[in-house]
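Letter by letter, the chains look like this.
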Amino acid sequence: MLSDRARPVVEATLPVVAENIGEIAQRFYRHLFDAHPELLDGVFNRGNQAEGTQQVALAGSVAAFASTLVQSPEQLPEQLLNRIAHKHASLGIRPEQYEVVHEHLFWAIVDVLGDAVTPEVAAAWDEVYWLMAYALIHQERGLYSARGVRPERVWRDWRVAEKVAETDDVVTFRVRRVDDRLVKGSLPGQYVSVKVRMPDGVHQPRQYSLTRADDGEHRQFSVKRVRGDGKPDGEVSNHLCDRVQVGDTLTMSLPFGDVVLDDWRPAVFLSAGIGVTPMAGMISHLRHAGSGLPITLLHADSDEASFALRGQVLDDVRALPNATVHVWYESGADSALPVDGVHAGTMDLSAVDLPAGAAYYLCGPLPFMQAVRSALIGRGIPPRDIQYEVFGPDLWQADFQSEPAPGAAG
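About the criteria used
- Residues numbered from 1 in each chain as written.
- Predicted model: local features only at pLDDT ≥ 70, side-chain atom pairs only at ≥ 80, totals over all residues.
- Heavy atoms only, no water.
- UniProt positions renumbered as here; feature names shortened; annotations may be inferred.
- Helix = DSSP H or I, 4+ residues; strand = E, 2+ residues; numbered from the N terminus.
- Phe/Tyr/Trp six-rings, centres within 6.5 Å; stacked < 30°, edge-to-face > 60°.
- Buried < 20%, exposed > 50% of the residue type's maximum accessible area, 1.4 Å probe, protein only.
- Pairing = 2+ DSSP bridges.
- Axes fitted to C-alpha atoms, helices over the stretch in contact; angles between N-to-C directions.
- Parallel < 35°, antiparallel > 145°, perpendicular 65-115°, else oblique.
- Left-handed = near helix turned anticlockwise from the far one by under 90°.
- Contact = heavy atoms within 4.5 Å.
- Nonpolar A, V, L, I, M, F, W, Y, C, P; charged D, E, K, R; others polar.
- Domains from an automatic or database assignment.
- Buried area = accessible area lost by both parts, 1.4 Å probe.
- Salt bridge = Lys/Arg side-chain N within 4 Å of Asp/Glu carboxyl O.
- Core = buried A, V, L, I, M, F, W, Y, C linked by side-chain atoms within 4.5 Å.
- pLDDT = per-residue confidence, 0-100.

Draft legend 1. Region of the structure containing the UniProt feature "domain: FAD-binding FR-type" (unreviewed entry) in the protein chain. Taking the numbering used here, the UniProt-annotated feature "domain: FAD-binding FR-type" (unreviewed entry) corresponds to residues 153–262. Between the end C-alpha atoms of residues 153–262 the distance is 28 Å, and the span holds 8% helix and 41% strand.

Shown next, in the form of structure tokens:
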């Protein structure tokens, strides 16, 4: 909670900080990497740095956290903090690294705002930073403790046992452990970080949802090839799809992720494109658990050939006694799959019945999730029953830019 001295200062200066925080974030990262280039090796995603999305994520999360401190001083934005803490834990972030970030972030604030950063203003925003930092450090310490590891021990090597082309752009990797360390099971819906050594010698991490229930020996994840469409192609996704083969070794983190399945009540999964990957993992868990609960899968894609993991997902769904599947294809309402409904165009929830008392899980492009969430709330679904996984660094956007309003989802 902000001190009585700091709160009015933060409230008064929040507009100017928010107005300039994008520039502050850009200068912060440049200054940080000039002083600590080693952080680009295995910690930060340099693709997101080049595109500016990491800067947007930092700016949005700090502004959202500060706004919450001012508007709702009795509570912290737990959902935002949970998402960031799990991402940090999957990268092995250490408490002392928050000191490094603090030094360079406050250099950037002064560099951008100049004389406006009086000692009083600096002290107030220092409170904001450390409230957020200590909240994250505490959560990350709990995540490491629950896994029985220190930050540097979240990584281990796995050997590629299978590589399967799901679609023209999606490849599934099934990996087997190569050491005797105990494999603690993942929770359905979680992801791992995969750390890859690139041709220039720099390690790059990326997060991928686990797409099948653990069996104690193997893990499975799927990778969508990122095509740049005028920008550079995704370096890690293309490296994995083109160069990593059966028998090769991959370095992966322990599983983390705050969007996990409530397997004690009905579930509705709503996905678009590669957003089906966490759904596949959760549905696989339900099948292995012998669930008899009502389960609904709603998936949207450009066409059936683009529907990644469709064989596994439909096999698992059809093994569940109370499960239904509806698909939407932009190319038209044609399907050779054993589905309960096939529809043309974008997802329209008015075409399906929703089970009572269900938990809802969303994953896909951000506009898709915002539209689907709005449509669900328009049908009376409580926001507390809706979880969503956000791929990429823009963890805050779905929480702070989604306005509930009734309507169809696209």
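Draft legend 2. Summary view of the packing of aromatic side chains. Counted under the stated rule, the structure contains ten aromatic pairs. Relative to Tyr 129, the ring of Phe 106 lies with its centre 6.2 Å away and its plane at 90 degrees, an arrangement referred to as edge-to-face. With Phe 106 in helix H5 (residues 97–113) and Tyr 129 in helix H6 (residues 119–147), the pair connects residues that are 23 residues apart, well separated along the chain. Residue Phe 106 shares its accessibility class with Tyr 129, and that shared class is buried.

Draft legend 3. Structural detail: the sheet that holds strand S2 (residues 170–177). Across the sheet, which stays open at both edges, the six strands sit in the order S4-S3-S6-S1-S2-S5 with antiparallel pairing between neighbours. Pairing within the sheet leaves two strands with one partner each, and these edge strands are strand S4 (203–209) and strand S5 (218–224). Taken over all neighbouring pairs, the strand axes of this sheet differ in orientation by 40 degrees on average, direction set aside. Two elements, S2 and S5, share seven bridges in a ladder whose sense is antiparallel.

Draft legend 4. Structural context of the UniProt feature "domain: Globin" (unreviewed entry) in the protein chain. Sequence positions flagged by UniProt for "domain: Globin" (unreviewed entry) are, in local numbering, residues 1–141. Annotated as 76% helix and 0% strand, the span residues 1–141 places its first and last C-alpha atoms 20 Å apart.

Draft legend 5. Examining the sheet that holds strand S12 (residues 386–389) more closely. The strand order across the open sheet formed by six strands is S10-S9-S8-S7-S11-S12, and the pairing between neighbours is parallel. On the outer flanks of this sheet lie strand S10 (341–344) and S12, each paired with one strand and no other. Across the sheet, the mean angle separating the axes of adjacent strands is 15 degrees when strand polarity is ignored. As paired strands, strand S9 (residues 323–329) and S10 are joined by four bridges and run parallel to one another.

Draft legend 6. Representation of the packing of H5 against H6 within the structure. Taken N-terminus to C-terminus, the directions of H5 and H6 make an angle of 155 degrees; their axes are 11 Å apart at the nearest point. Viewed along their axes, H5 and H6 adopt a mutual orientation that is roughly antiparallel. Remark: the crossing between H5 and H6 carries right-handed chirality. Across the interface between the two elements, Tyr 98, Glu 99, Val 101, His 102, Leu 105 and Phe 106 from H5 touch Ala 122, Trp 125, Asp 126, Tyr 129, Trp 130, Ala 133, Leu 136, Ile 137 and Glu 140 from H6. Tallied by class, the residues present in the contact of H5 with H6 amount to eleven nonpolar, one polar and three charged.

Draft legend 7. Broad picture of the domain arrangement of the protein chain. In terms of domain boundaries, the protein chain breaks down into domain 1 (5–147), domain 2 (154–256) and domain 3 (267–400). With centres defined by C-alpha atoms, the gap from domain 1 to domain 2 works out at 29 Å. The interface of domain 1 with domain 2 comprises 19 residues on the first partner and 23 residues on the second. On the domain 1 side of the interface with domain 2, the three residues burying the most area are Arg 46, Ser 90 and Arg 147, jointly 44% of the side's total. The interface formed by domain 1 and domain 2 holds two salt bridges in total. In this structure, Asp 200 and Arg 46 form a salt bridge, with 2.9 Å as the shortest nitrogen-oxygen distance. Taken together, the elements giving at least two residues each to the side of domain 1 that touches domain 2 come down to helix H2 (46–51), helix H4 (78–89) and H6.

Draft legend 8. Broad picture of helix H9 (residues 310–318). Among all positions of H9, only Gln 312, Val 313, Leu 314, Asp 316 and Val 317 are buried. Turning to H9, the residues buried within the fold contact S5, helix H8 (276–288), strand S8 (295–301) and S9.

Draft legend 9. Representation of the nonpolar core within the structure. Counting residues in hydrophobic clusters, the biggest one holds 56 residues, and the most contacted among them are Tyr 98, Trp 125 and Val 128. Counting residues per element, the ones that place at least two in this core are helix H1 (6–35), helix H3 (53–71), H4, H5 and H6. At 13 residues, the largest contribution of residues to this core is made by H6. There are two domains that each give this core at least three residues, and those are domain 1 (5–147) and domain 2 (154–256). Val 276, Leu 297, Ala 308 and Tyr 329 belong to the second largest nonpolar core, which has 27 residues in total.

Draft legend 10. Just the packing of H1 against H6, in detail. Relative to each other, H1 and H6 sit at 95 degrees, their axes nearing to 9 Å. Classed by the angle they form, the pair H1 and H6 counts as roughly perpendicular. Residues Ala 6, Val 9, Val 10, Thr 13, Leu 14 and Val 17 of H1 touch H6, and the partners they reach there are Glu 120, Val 121, Ala 124, Trp 125, Glu 127 and Val 128. Residues belonging to the contact of H1 with H6 are distributed by class as follows: nine nonpolar, one polar and two charged.

Draft legend 11. Representation of unusual backbone geometry in the model. Positive phi, normally seen in glycine, also occurs at Leu 309, with a value near 60 degrees. Relative to the assigned elements, Leu 309 resides in the loop between S8 and H9.

Draft legend 12. Looking closely at the confidence of the model for the protein chain. Looking at the protein chain as a whole, the pLDDT averages 91, with 95% of positions reaching at least 70. Note on residues 400–410: pLDDT under 50 across the span, and 32 contacts to partners over four residues away in sequence or across chains.

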